[in-house]
Amino acid sequence: ADSTLEVQKFVSNHQLQQYIDLSQGVDGKMFKPDPQLYIQACQTLGVTPETTVMVGDSSLDIQMAQAAGAAGAIGVNRQPNLMSLAGDRVVSNLSEIQVL
């Protein structure tokens, strides 16, 4: 839920540009879990929410994707004892996700 500028800095600092097609933050009056944030990202990428899967590390990410009609939601729960995510799948590390 950071600003677009801060998201872009993060992506650059961690050299993730080759893996990410859109670096979008929260810059307006909408905040997570407003599904319009997810819908806007999908529109920018030229896809529909129904053909996408959200990967997020907070319950707000999961709620946003579900409310937007995403095909699925994967919760990344790095500290399982601290929070519970209600995604379609929950992983503890991004490396557990495989693109088929």
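Overview of the structure.

Procedures and definitions
- Residues numbered from 1 in each chain as written.
- Predicted model: local features only at pLDDT ≥ 70, side-chain atom pairs only at ≥ 80, totals over all residues.
- Heavy atoms only, no water.
- Core = buried A, V, L, I, M, F, W, Y, C linked by side-chain atoms within 4.5 Å.
- Buried < 20%, exposed > 50% of the residue type's maximum accessible area, 1.4 Å probe, protein only.
- Helix = DSSP H or I, 4+ residues; strand = E, 2+ residues; numbered from the N terminus.
- Contact = heavy atoms within 4.5 Å.
- Salt bridge = Lys/Arg side-chain N within 4 Å of Asp/Glu carboxyl O.
- Polar contact = N/O pair within 3.5 Å; in protein donor to acceptor, adjacent residues only side chain to side chain.
- Pairing = 2+ DSSP bridges.
- Right-handed = clockwise from strand over helix to strand, strands pointing away.
- Axes fitted to C-alpha atoms, helices over the stretch in contact; angles between N-to-C directions.
- Parallel < 35°, antiparallel > 145°, perpendicular 65-115°, else oblique.
- Left-handed = near helix turned anticlockwise from the far one by under 90°.
- Nonpolar A, V, L, I, M, F, W, Y, C, P; charged D, E, K, R; others polar.

## Let's talk about the nonpolar core
Generally speaking, nonpolar side chains in soluble globular proteins are found buried as a group.
Working step 1: Counting 11 residues, the largest nonpolar core is built from Val-26, Leu-37, Tyr-38, Cys-42, Met-54, Ile-62, Met-64, Ala-65, Ala-68, Ala-70 and Ala-73.
Working step 2: Elements that contribute at least two residues to this core include exactly α2 (35-45) and α3 (59-68).
Working step 3: No other element matches α3, which puts four residues into this core.
Working step 4: The residues contacting Ala-73, other than those within four sequence positions of it, are Val-53, Met-54, Ile-62, Ala-65, Gly-87, Asp-88 and Arg-89.

## A look at the pattern of salt bridges
Working step 1: A full pass over the atoms with the stated rule returns two salt bridges.
Working step 2: For the salt bridge of Lys-32 with Asp-61, the shortest nitrogen-to-oxygen distance reads 2.5 Å. Of the two residues, Lys-32 is situated in the loop between α1 (4-13) and α2 and Asp-61 in helix α3; the sequence distance between them amounts to 29 residues.

## Quick notes on the side chain of Thr-52
Working step 1: Tracing the backbone shows Thr-52 in the loop between α2 and β1 (53-56).
Working step 2: A polar atom in the side chain of Thr-52 sits 2.8 Å from the backbone oxygen of Pro-49.
Working step 3: Aside from chain neighbours lying at most four places away, what touches Thr-52 is Tyr-38, Cys-42, Val-47, Ala-70, Ala-71 and Gly-72.

## Overview of the pairing of β1
Working step 1: Side chains Met-54 and Gly-56 project from β1 onto a buried face, and the interleaved Val-53 and Val-55 project onto a face without burial.
Working step 2: Pairing between β1 and strand β2 (residues 72-76): four bridges, direction parallel. Counted as the bridge partner of Gly-56 is Gly-75 from β2.
Working step 3: For the crossover that starts at β1, traverses α3 and ends in the parallel β2, the hand is right-handed.

## Considerations on the packing of α2 against α3
Working step 1: It is at 7 Å that the axes of α2 and α3 come closest, and there the two elements cross at 70°. Here α2 lies roughly perpendicular to α3, going by the angle between them. Once α2 is placed against α3, the crossing between them reads as right-handed. The residues of α3 that touch α2, namely those facing Pro-35, Leu-37, Tyr-38 and Ile-39, are Met-64, Ala-65, Ala-67 and Ala-68.
Working step 2: Its residues assigned to classes, the contact of α2 with α3 comprises eight nonpolar, no polar and no charged.

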